[in-house]
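Spelled out from the first residue to the last, the chains are:
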Amino acid sequence: MSELYIILNEVRTNKGQSSIPSITRELRLREDIGFESLDLAELTVRIEERFGVDVFSDGLVHTVGEIEEKISRAKS
Amino acid sequence: MRLLLHNPESNMSQVKLAWFCSKTGLVELRAVEVEDAASIVRIRNSGDGLRYLTPGAATVEEQQKWLQSYAERNKNNQEHYFVIRFGDATVGTIRIYNIEACDGKYEWGSWRIVDVKNPLVAVVSALIMYDFAFDYLRLTSASFVVAKDNMSVVAFHKNMGAKVVREESDQLYFLLTKSDSEIARARWKRSLLPEISHT
């Protein structure tokens, strides 16, 4: 979770937004974290670089929890 | 990439650039035709299009006229305007213009995608265009203007290697050279290319 937290904030600060103080599994990427399409694209490539996980492998993701599940599944 | 550069009947280029990627499916850039006028007006008028795009034709008839004038510029290779096709639908537009082949310069604009949930489609469309401009047309630098508050697009262009060369109260003027784009284009392609085929 902490590495994912860092990546999420990297994308936010990269576009001039402040870091989010904490994340929960329920947080929605668009509505709660404020990501738009290009931010989500940047997020996916950073996750792939960091974890070797394609978050689009079986459909789009909408929440922090869905990303976490994909990372956990790939690690196990 | 599939290229067919001139159609004498329509007097416009018939360029089609297509990538297939398992993360997106097929994404195509097809040279605009006058028949695309209604789609272009719809795309320009959707969401925040009017806020971030340079003011243009407001009606289908005006857009048709504009496309006819574009045909002349296109014939002289001064401009290439594409509709972005995804999932059998026209979902966006993208354009390079004011092309100065002798200096390798061009301007980039009209980049807009609507009603597409997969965020990578926009990136693929930009990469196809950069490959076309930098690698196929052998141009060397792109200029473009982005509204400061369009933060995601600003971040995307900066990540692509573009540099801010001028700033106004609400606009950023960018320059992206081919050499500055190489690292970012390679980075995106590492993520997208294993499954991409050029058709």
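The rules behind these values
Residues numbered from 1 in each chain as written. Chains lettered and ligands numbered in written order. Predicted model: local features only at pLDDT ≥ 70, side-chain atom pairs only at ≥ 80, totals over all residues. Heavy atoms only, no water. Helix = DSSP H or I, 4+ residues; strand = E, 2+ residues; numbered from the N terminus. Buried < 20%, exposed > 50% of the residue type's maximum accessible area, 1.4 Å probe, protein only. Contact = heavy atoms within 4.5 Å. Areas by Shrake-Rupley, 256 points an atom, 1.4 Å probe, with all protein chains shown as cover. Core = buried A, V, L, I, M, F, W, Y, C linked by side-chain atoms within 4.5 Å. Buried area = accessible area lost by both parts, 1.4 Å probe. Salt bridge = Lys/Arg side-chain N within 4 Å of Asp/Glu carboxyl O. Polar contact = N/O pair within 3.5 Å; in protein donor to acceptor, adjacent residues only side chain to side chain. Nonpolar A, V, L, I, M, F, W, Y, C, P; charged D, E, K, R; others polar. Expected span 1.5 Å × (residues − 1).

A.B. asks: Before we move on, could you go through the overall build of chain B and cite the residues and values that matter?
C.D. replies: Scanning chain B for helices and strands turns up six helices and nine strands. A burial count over chain B gives 52% of its 199 residues as buried. When contacts within chain B are restricted to residue pairs at least 6 apart in sequence, those whose partners lie at least 24 apart make up 55%. Only carbon and sulfur atoms are counted for the fraction: they give 50% of the accessible area of chain B, which is about 9200 Å².

A.B. asks: Give me the nonpolar core: which residues, what numbers.
C.D. replies: By size, the foremost hydrophobic cluster in this structure holds 70 residues, and its most contacted members are Leu29, Leu43 and Ile47 of chain A together with Tyr106 of chain B. In contact with Tyr106 of chain B, other than residues within four places in its own chain, are Ile96, Tyr97, Asn98, Ile99, Tyr130, Ala133, Phe134, Leu139, Ser141, Ala142 and Ser143 of chain B. Among the nonpolar cores identified, the runner-up in size contains seven residues, and Ala37, Leu67, Tyr81 and Val83 of chain B belong to it.

A.B. asks: Explain the interface of chain A and chain B to me, and be specific about the residues and the numbers.
C.D. replies: Tallying the contact residues gives 19 residues for chain A and 18 residues for chain B. Between chain A and chain B, the buried area comes to about 1600 Å², and carbon and sulfur atoms account for 58% of it. Area buried by chain A at its contact with chain B is led by Lys15, Leu38 and Phe56 of chain A, which between them contribute 32% of it. The tally of links from chain A across to chain B stands at three salt bridges. Between chain A and chain B we count eight residue pairs in polar contact (both at pLDDT 80 or more) in total. Per element, the largest residue contribution to the side of chain A that touches chain B is eleven residues, and it comes from helix α2 (residues 37-51) of chain A. For the side of chain A that touches chain B, the residue count by class is six nonpolar, four polar and nine charged.

A.B. asks: Tell me about the environment of Val124 of chain B, and name the residues and values.
C.D. replies: By secondary structure assignment, the location of Val124 of chain B is in helix α4 (residues 120-136). For the pair formed by Val124 of chain B and Leu67 of chain B, sequence separation is 57 residues and the distance between their alpha carbons is 25 Å.

A.B. asks: If you had to explain helix α1 (residues 2-14) of chain A to someone new, which residues and values would you point to?
C.D. replies: Since the α-helix packs 3.6 residues into each turn, any two residues three or four apart lie on the same face. Residue and element names in this part refer to chain A. The first and last C-alpha atoms of α1 sit 18 Å apart over 13 residues, in line with the 18 Å expected at 1.5 Å per residue. Three or more residues of α1 are buried, namely Leu4, Ile7, Leu8, Asn9, Val11 and Arg12. The secondary structure elements touched by the buried residues of α1 are α2 and α3 (64-75). Count one or two residues on from α1 and you reach Gly16, which has phi positive near 85 degrees.

A.B. asks: Describe in detail the environment of Thr59 of chain B, supporting the description with residues and values.
C.D. replies: Residue and element names in this part refer to chain B. Inspection of the secondary structure puts Thr59 in the loop between α2 (49-52) and α3 (60-75). C-alpha of Thr59 to C-alpha of His80: the two residues are 21 residues apart in sequence and 21 Å apart in space. Polar contacts involving the side chain of Thr59 include one to the main-chain amide nitrogen of Glu62, which spans 3.1 Å.

A.B. asks: Account for the pattern of salt bridges, naming residues and giving values.
C.D. replies: The final tally for this structure, using the stated rule, is 24 salt bridges over all chains. Salt-bridge contacts for Glu10 of chain A lead to Arg46 of chain A; the nearest nitrogen and oxygen are separated by 3.1 Å. Taken together, the residues Glu10 of chain A in helix α1 and Arg46 of chain A in helix α2 connect sequence positions 36 residues apart. We classify Glu10 of chain A as partly exposed; its relative accessible area is 25%. With relative accessibility at 17%, the residue Arg46 of chain A sits in the buried group. Salt-bridge contacts for Glu168 of chain B lead to Arg166 of chain B; the nearest nitrogen and oxygen are separated by 2.9 Å. Note on Glu168 of chain B: relative accessible area 33%, which makes it partly exposed. Taking the relative accessible area as the measure of exposure, Arg166 of chain B reaches 43% and is therefore partly exposed. Via salt bridges that share partners, Glu10, Glu42, Arg46, Glu49 and Arg50 of chain A together with Arg187 of chain B belong to a single interconnected network.

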